[in-house]
Structures are given as structure tokens and as C-alpha cells.
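Residue strings, one per chain:
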Amino acid sequence: MELLTHKSISGPEIIALCDPAAFTTSVGWFVNTGARDESPELAGVSHFLEHMVFKGTKRRSAEQVNSELDHLGAQSNAFTSEESTVFHACVLPECQDQAVDLLTDIMRPSLREEDFQTERQVVLEEIAMYDDQPPYGAMERAMELFFGEHSLGRRVLGTTETVSEMTIEQMVQYHKQRYTLDNMILVASGKVDFQRLVEQTESLVGSWRGRSSPRQTHLPKFGISSEIIERQASHQQYTVKIWPGVGCNDPSRYALRLLASVIADESGSRLFWELIDTGLAETAALWPQFFQECGCIVGYLCCAPEDTEENTDIIQRVFQQVIDEGVTQRELDLARNKIVSSLILSDERPSNRLFALGQSWLARKRYDPLDAVLARYAAVTPDELREVAVQTLSPTPTTVQVVHVE
Amino acid sequence: MKQQLNTYRLSNGLVLLGEHMPWLRSAAFTFLVPSGTCYAPPELCGLASLASEMSQRGCGPYDSRQFLEELDFLGVERTSSITTHHTSFSCAMPSSAFERTLELYSHMVRRPHLPEDQLEDARQLGFQDLRALEDEPSHRCFNELKRFRFPQPFGRTAQGTLEGLQSIQIDDVREFCANNLHASDSILAVAGNFKWSEVCEAVERALGDWNGPATKTLPKLEPLSGGRHTDHASNQTHLALAYDCVPYESPDYYKTRALVGILSDGMSSRLFTEVREKRGLVYSVFATCFSLAGKGSVLCYAGTTTNRAEETLHVLLETIHSLGSGVSEDELARLKVRIKSALVMEQESSAARSHQIAVDWFHLGRVPTRAEVLSEIDSLTCEGLLDHFNAHRPNNFALVTVGSQPLELPGGIVDA
């Protein structure tokens, strides 16, 4: 496997992890923009724009875009997060040219008013759908409370209000400001003709103009408040807690991932034996989220309403034990083996490598091959897990709880 | 690359299937054991899931913790699920861990401890699943559809019922395991990087003398039509619609599958275009083929805000019936290339491939080669699909809705 990169003066950065023996080619545009780059009144515009990107260009109607993607036999999709918007397709190697042409063309969508009005309904349905699913917006509300005024508290989908009031002119302006070549990278993996990829992309984007302003980053003042969401007819009680974590370039991120696995992996972790194996809870999960300048740890508990208080006490006791006494070498080894195996299995597919490469490049302009990542996990010690536990799980978290009302 | 498919039938009836994928670092297996929901007594709905949970709480020389820690130490990614016919254990792992993992799973199906002092914990876990399901309207919708459309014993859901779970005693679990965890009618499908001779030897060692009673015969299934509504305080109404089609076992299955592909595969499919793209009625809409006990159903789903539910149902039905106006050459070409690409992409995942060959064997008693599937796909024509649609027009509709308002099938559609 070979990592190839290209950057001309005015063109986008192009990077590829080439594997001549692969069956497929994956390609994607990674745009360095997401919910945190929106103003409060435009909350949700990055995600809404992700939908609108498929609605046609100067060269293609919306139907042609969809039809061509299917004609390529592409497994394609897009997603938006707090910090990025990604458009990707996995195709057979002989379709590389067409996939690059299509994905690049849709980065300059027509953004027509009529499509905007129809697609707004789809996005509102998406918001309504997630609002009906547990934990009923508790995750988004907890992030809002935890990050306060900081842009990382913005809801990725926005709200019914912001999406309903958004105008096409605002979206056009946002697109102009954020979908610029200095703010996007083209990523490929699998069987890639890199020279062709570079020549074709440079030719397609030659006329694109504009530059993005750098993202505003600053450390947030983390909130520690609590809130209750009342919900009709919920049978379980849902609790979301958020603690401060570490940023995407912090060297202790490997230890933090291992810590989350030791404490709350869905199998064999401390909370698994305390709460899941005993039938006290349906889910007890803990996972870190890494952002540019900071991060957080999200805890999620789903159990019967009458058990919530006792389960919360158990979780707190487990945390305190880790903070006071650390973890055993055996626990660390088990967590490490799980993560290492999962990384090796995931790395078998070029489409998975695409995301690892693209997200790593967006975060740190660098890609560590799998073996280097595995070596980082191998080097983590039980003491480091305890240190990161003291640092992250000691502070009072932000809490949002969903409770049943008649 | 030439496909290498192997079959080996053990003297106890267990079928071992293997697809060699030497370009991968992993191996995966799907182990289908005939202990699905339909084999439990009717008053003990939930027994199959509870038995599966209990069988993972210690087996052979290992207690519960030792068993799970051993799997974690090996780095085995694993899931288990309960269907109407089977308990399915799926594992993916670095290929070096394959033999040891197989040994652990053989203890689980052959020598589960089924400890009485853990029954209550396992039961509580079952209650947790039931309550969580009640809160998830789209999953609830499909569960309700299964209950409604497929009479006993086929309509049981994996989660079972509150009453069923409450009634289960430890002897029920032990009897269920003794009667249903057995080699005959079990399928072990392996895919990835392995040596076939070594796999056969390992399976003979671990499972060669595994025996037990034969699988019970099931009654004939007749899927039901009609409608049912479940009240749920939600923004959206969730619609699950089913109608008859030919089953997986049918020589015409590829035609039915292609018609459903025209409806639902990809962003240019008819449902996505008509229901979402043109009208913005939904975020999620799809159709899929489902085969059970030799009967095929097309299952469709749409979730939409309540005041647009009636229009959504109308467009959904209209789009299904639009297949009667024929399929264009362009639609069929897109579908063919999507299916062919998916077949190539499947070679990048040992887990996906092991699942597919297990499913193929269960329904067909053989595993079609990639070349055979490609040939079937290539032979599809627009005329052939239209003829098939007309010979098997959608009928025997069942509609289940979950939301704040009921919805009914338009008059006459049930017998259309």
C-alpha cells in the first residue's frame, strides 16, 4: 500500500492510499466545514447543503446525478458532522474517471429555489424522525449545554425553526464561503490511477475561485448543568452525560479510547459486568469525541426508570475505582486486543480506509499507517489510563435525562 | 479471481461451507443453529432469545467471564441474532484466531452450563430489550407487521412478550437447548483466509460427534392480509406494508428481486424518486424481499409526519403499481450494474460473504457461484420483468402503522 499526495499552487490537496491488488476504488471529497462553522441562525445549513449537493449542477439535473451514481454501480453516500462534510463513492476501478467527474461536478451545485423548498421538507422529516427515536434529542441538548456559546454545541441537523426559516440565498453564500479548494481535499483509496486522478481533478476544478476564512477555534468554557426532557409514552429512562475530553491531536487520545473500552465496552467491560450482564440496564456506553481544539466524553445509560438512580450510583462507583486504583494490565490487554482486531478488520476494505485517511488528513495533515496506529495502542500503559481517567472523569458532567410523563 | 467454494457434510448432518478469500487477513463464520423463535412453545414467547443469552453464560470448562474474556482476548468481533428458524452466531477475526474461536463456540452450543442462578439476570435483560423496542417506533412497526402478517408459530419476534418471558423456568431453557441445539439442520459457513483441509479437521474435532434430535416439522405458512394500528406518541407515522411475491427458493426469484430493486435500490429508484425526491414526503423509504417458510413477501417502509401519512401511503401504492407500466432499459441497466458491483464488493468482506453463503444454503440447499448469479442477472429483460409482474401482481396486502393516528388501506387494494 502506498500513500501518494499532490498539491499544486491553486488546486486542492489530493491524497490516495493506493493498493493495486484491491477490487474497488473509493473516492471522496472531504470538505472542512460542519455545524461548528455555522452562525446560530443558520444552524443546520451544512447538513441541508449536503442534501442540496445532489440536486443538480450546470451540467446535470438532479435526476441525472442520481441516475449516474447508480449507473456506476456506486455505493455512495454523504454525511455531515460538527467539523466536516463528506461525499463519497465506492466503485469498480474502471469507473474511477466517471466517479471523480460526478463527485467533483456536484461540489458546484445549482442550488435552485424549487429544489430547496422540496428538500427542506425531507430535512424536516429527518429531524422529526430523530426526535421520535431514543434518546429523543437528549444527546444534542447535552452538547448544547456542555459547549454553551461555543460553536461545537450547534446541532448538526439544526432545529425545525432554523431549517424552516433558512433561505436559499443564505445557503448560496455559505457554500461560496466554505466549499473552496483550500478548504477541501480529494481522497482516494483502493485501486487508484493516481496520475489520472490528479490530471482529471485539476482540469475539472481549474475555474473554481475563492478562499475560505480559517475556522475560529478557542477553548470552550464547559457547562456542568442538568436538564430534564419530559416525554410522553417512553418506557425506558435515558440519561446522557458529558465530561471534558481531549482534542484530535492530543497524544493521550489512544489512552482515552482504551479507557472507554475498559469501562464500558459492550462486552467484557466493567459496566458490562455490573449493569448489562445483571440485567440492570439495556445500554451503558461511554465514548470519546475528538474535535480540533478540544474533546468530550459522552456517557449514555438506558434502563428502567426505577433503576436509574441506583445504576447512576454504580457507574459513579466504577469511575471512582478507576480514578483511585487504575486498571489492571489484563483489562488493558483485553481492551487493546479488541480495538486492534477491529482496526485490522476495518482496514480490509478500501472504503473504510478512505474515511481513516480523509479524517486523519483533515485533522492533522498526516496519515499514520495501520501498523503505526497499532504501535501507539501497544505503547499505552495502565498508568496512562489512570491519568487520563483522573483528568477526564473527575469533573462534574453535564447531564440530560429523558423522563416519562403521562 | 477464481471463486473457491467448498462443501463438506459431517456424518451428524452439520453442513460446513467454505469460501476461500486468500487476499484477506481475516476469517469469518456464520453459524446457523435451528433454535429460532418458531420452535418454542407458544406460551413461552422469548424463550429462543433467553436460551441464546443463557448459553453464553458459561460453557464447557469456562464460566461466563472466562468465555467472554477469551473471545475478547482473541479479538473476535461477534454478534448473535434470533430469527424465526435460527439462532445465528456471526464472528469475524484475524484468521489466526479462527480455530480457537470455533472451539469456544462449539462448547457454547454443545455444553452450555445454563446456570439457574443467572436466569433472573438474563430475564431482566430480556425485559430491557422489550421496553427499549417499545420506544423505537420504526423497529416496533416491523415487529408488529411480523406478528400480524405471519400466523403462529411464524409471527413471533425475537424479543418475545412480557408474559412469555415471565413464564420461562430454567427447565424450559434446558429443554429448549437440548431439543434445538443440534447438528442436523445446522449450517456453519466460513469465509476468508484459511486452509480448507484444516477447517474441515477443526470442525470434525469440535463438532463431529455433536448429535441430538431432529428438527421439528413446521405447519404450512399462509401470510395474512389486512391492517393494524398501534398508538404511539410520535411526530411521525411509521408505515410497514407487505404484499406477496415469489420466495427465495423460486427459479423466478431474481425477477422479483429485480422488481424490488427497481423500486428501491439506489438514489434513482422509483420509491426514492417519487416519495422523497419529487415530493419531500419522507427521509426514509425502502422496499426489500423477505422469505419465510417458502413464502415470499415484499416489505416496504416509510416514515412521515402524521398529516402527510395518507398521501405517503397513496404514493407508495401508486409507485408499486407503476411497475405494471413496465421497466425501462435504462432502469434495468442501472440495476444490473449495481448488483454486479455489489458482488465484486462482497469479496472485500469475509463477514458479508459468510453470511450470504449461509443464507443461500438454508434456502436453496446449495450456494450459487458468482458466475451463476451474474448469468441470471444478465438474462433479465424488461419484457421478462413485466411478464413476471403481471403473473404475480401485488396482492394480499398487509399494512401496519405506528403513530398517533391510524391509517387504512384504500378500498379494494387488499384484493387487487
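Residues numbered from 1 in each chain as written. Chains lettered and ligands numbered in written order. Predicted model: local features only at pLDDT ≥ 70, side-chain atom pairs only at ≥ 80, totals over all residues.

## Regarding the overall build of chain A
Link 1 in the chain: Looking only at helices and strands, one finds 15 helices and 11 strands in chain A.
Link 2 in the chain: Radius of gyration (C-alpha) of chain A: 22 Å, near the 22 Å computed for a compact globule of 406 residues.
Link 3 in the chain: For chain A, the spread of C-alpha atoms along the three principal axes comes to 60 × 50 × 35 Å.
Link 4 in the chain: For chain A, long-range pairs separated by at least 24 residues make up 81% of all intrachain contacts whose partners lie at least 6 apart in sequence. (Helix = DSSP H or I, 4+ residues; strand = E, 2+ residues; numbered from the N terminus. Rg over C-alpha atoms; globule rule 2.2 N^0.38 Å. Contact = placed C-beta atoms within 7 Å.)

## What about the overall build of chain B?
Link 1 in the chain: From N to C terminus, chain B includes 15 helices and 11 strands.
Link 2 in the chain: For chain B, the C-alpha radius of gyration of 22 Å lies close to 22 Å, the compact-globule estimate for 416 residues.
Link 3 in the chain: When its C-alpha atoms are laid out on the principal axes, chain B stretches across 60 × 50 × 35 Å.
Link 4 in the chain: Relative to its 416 residues, chain B shows a buried fraction of 51%.
Link 5 in the chain: When contacts within chain B are restricted to residue pairs at least 6 apart in sequence, those whose partners lie at least 24 apart make up 81%. (Buried ≥ 20, exposed ≤ 12 C-beta atoms within 10 Å, placed from the backbone.)

## Regarding the interface of chain A and chain B
Often, the extent of an interface is quoted as the loss of accessible area on bringing the components together.
Link 1 in the chain: Each side of the interface is counted separately: chain A has 53 residues, and chain B has 53 residues.
Link 2 in the chain: Elements with a minimum of two residues in the side of chain A that touches chain B: helix H2 (62-71), strand E5 (85-91), helix H4 (113-132), strand E10 (295-303) and helix H12 (329-346) of chain A.
Link 3 in the chain: With 10 residues, the top contributor of residues to the side of chain A that touches chain B is H4(A).
Link 4 in the chain: Among the residues forming the side of chain A that touches chain B, the class breakdown is 21 nonpolar, 20 polar and 12 charged. (Nonpolar A, V, L, I, M, F, W, Y, C, P; charged D, E, K, R; others polar.)

## What about the packing of helix H1 (residues 45-52) of chain A against helix H7 (residues 168-178) of chain A?
Packed helix pairs are characterised by how far apart their axes lie and by the angle those axes make with each other.
All names here are of chain A.
Link 1 in the chain: Where H1 contacts H7, the axes come no closer than 10 Å and their chain directions differ by 90 degrees. Between H1 and H7, the interaxial angle falls into the category roughly perpendicular. Note on element contacts: H7 touches H1 through Gln170, Met171, Tyr174 and His175, opposite Val45, Phe48, Leu49 and Met52.
Link 2 in the chain: Taken together, the residues of the contact of H1 with H7 sort by class into 6 nonpolar, 2 polar and no charged. (Axes fitted to C-alpha atoms, helices over the stretch in contact; angles between N-to-C directions. Parallel < 35°, antiparallel > 145°, perpendicular 65-115°, else oblique.)

## Some remarks on unusual backbone geometry
Link 1 in the chain: Cis peptide bonds are those with omega within 30 degrees of zero, and the linkage from A:Pro134 to A:Pro135 qualifies with 5 degrees.
Link 2 in the chain: Here B:Gln152 and B:Pro153 are connected by a cis peptide whose omega angle stands at 0 degrees.
Link 3 in the chain: With a phi angle near 50 degrees, A:Leu111 is a residue other than glycine that sits in the positive phi range.
Link 4 in the chain: You can see A:Leu111 is positioned in the loop between helix H3 (96-105) and H4.
Link 5 in the chain: Unlike most non-glycine residues, A:Tyr136 shows phi in positive territory, near 55 degrees.
Link 6 in the chain: Exposure remark for A:Tyr136: the 20 C-beta atoms within 10 Å place this residue in the buried category.

## A short note on the sheet that holds strand E11 (residues 398-405) of chain A
All names here are of chain A.
Link 1 in the chain: Read from one edge of the open sheet, 5 strands run E7-E11-E8-E10-E9, paired in mixed fashion. In the strand order of this sheet, the two ends are held by strand E7 (226-232) and strand E9 (283-290), each with one partner. Each strand of the sheet is rotated relative to its neighbour by a mean of 15 degrees, with strand direction disregarded.
Link 2 in the chain: Pairing geometry for E9 and E10, over 8 bridges, is antiparallel. Bridge pairing links Phe290 to Gly295 in E10.
Link 3 in the chain: Each of strand E8 (237-244), E9 and E10 is contacted by helix H11 (residues 308-325), which is oriented at about 140 degrees to E10, the strand it contacts most. (Pairing = 2+ DSSP bridges.)

## Remarks on the sheet that holds strand E7 (residues 226-231) of chain B
Residue and element names in this part refer to chain B.
Link 1 in the chain: With mixed pairing, the 5 strands of this open sheet are ordered in space as E7-E11-E8-E10-E9. The strands lining the two open edges of the sheet, one partner per strand, are E7 and strand E9 (285-292). Here the strands of the sheet are splayed against their neighbours by 15 degrees on average, with no regard to which way each runs.
Link 2 in the chain: Looking at chain direction, strand E8 (residues 236-245) and strand E11 (residues 398-403) are connected through 5 bridges and run antiparallel. By the bridge assignment, Leu239 is partnered in E11 with Thr401.

## Overview of the nonpolar core
Link 1 in the chain: A:Ala99, A:Leu103 and B:Leu316 are the most contacted members of the largest nonpolar core, which has 107 residues in total.
Link 2 in the chain: Excluding residues that lie within four positions of it along the chain, A:Ala99 makes contacts with A:Val27, A:Leu72, A:Ala74, A:Ala89 and A:Val91.
Link 3 in the chain: If you look at the next biggest cluster of nonpolar residues, it comprises 70 residues, including B:Ala48, B:Phe67, B:Ala97 and B:Leu165. (Core = buried A, V, L, I, M, F, W, Y, C linked by C-beta atoms within 7 Å.)

## Quick word on the environment of A:Gln216
Link 1 in the chain: Residue position: A:Gln216 is located in the loop between helix H8 (194-205) and E7.
Link 2 in the chain: Sequence-wise, A:Gln216 and A:Asp37 are 179 residues apart; in three dimensions their C-alpha atoms are separated by 8.1 Å.

## Considerations on the pairing of strand E5 (residues 87-94) of chain B
All names here are of chain B.
Link 1 in the chain: For E5, the buried fraction is high: 7 of the 8 residues fall into the buried class.
Link 2 in the chain: Sheet topology note: the strand E4 (residues 77-82)/E5 ladder contains 6 bridges and is antiparallel. Within E5, the position partnered with Ser80 by the bridge is Phe89.
Link 3 in the chain: Hairpin connection between E4 and E5: a loop of 4 residues separates the two successive antiparallel strands.

## Details of the domain arrangement of chain A
Residue and element names in this part refer to chain A.
Link 1 in the chain: In terms of domain boundaries, chain A breaks down into domain 1 (2-205) and domain 2 (226-405).
Link 2 in the chain: Of note, the centres of domain 1 and domain 2, computed from C-alpha atoms alone, are 28 Å apart.
Link 3 in the chain: Of the residues lining the interface, 33 residues belong to domain 1; the matching set on domain 2 comes to 23 residues.
Link 4 in the chain: Taken together, the elements giving at least two residues each to the side of domain 1 that touches domain 2 come down to strand E2 (13-18), strand E3 (25-31), E5, helix H5 (138-147) and strand E6 (184-190).
Link 5 in the chain: For the side of domain 1 that touches domain 2, the element with the most residues is H5, which contributes 7 residues.
Link 6 in the chain: Class assignment of the residues belonging to the side of domain 1 that touches domain 2 gives a composition of 19 nonpolar, 10 polar and 4 charged. (Domains from an automatic or database assignment.)

## Quick notes on the domain arrangement of chain B
Residues and elements named next belong to chain B.
Link 1 in the chain: With domains assigned, chain B is organised as domain 1 (4-207) and domain 2 (226-415).
Link 2 in the chain: Taking only C-alpha atoms, the centre of domain 1 and the centre of domain 2 are 28 Å apart.
Link 3 in the chain: Contacts between the two partners involve 31 residues from domain 1, matched on the other side by 26 residues from domain 2.
Link 4 in the chain: Of all elements in the fold, only strand E2 (15-20), strand E3 (26-33), E5, helix H5 (137-149) and strand E6 (187-192) reach the threshold of two or more residues within the side of domain 1 that touches domain 2.
Link 5 in the chain: Of the residues forming the side of domain 1 that touches domain 2, the biggest block, 9 residues, is contributed by H5.
Link 6 in the chain: Of the residues that constitute the side of domain 1 that touches domain 2, the class distribution is 21 nonpolar, 6 polar and 4 charged.

## Regarding the packing of helix H1 (residues 47-55) of chain B against helix H7 (residues 170-180) of chain B
Residues and elements named next belong to chain B.
Link 1 in the chain: At a minimum axis separation of 10 Å, H1 and H7 run at an interaxial angle of 85 degrees. Compared by their axis directions, H1 and H7 come out roughly perpendicular. Between H1 and H7, the contacting residues are Leu47, Leu50, Ala51, Met54 and Ser55 on the first element and Asp172, Val173, Phe176 and Cys177 on the second.
Link 2 in the chain: Each residue belonging to the contact of H1 with H7 can be placed in one class, and the counts come to 7 nonpolar, 1 polar and 1 charged.

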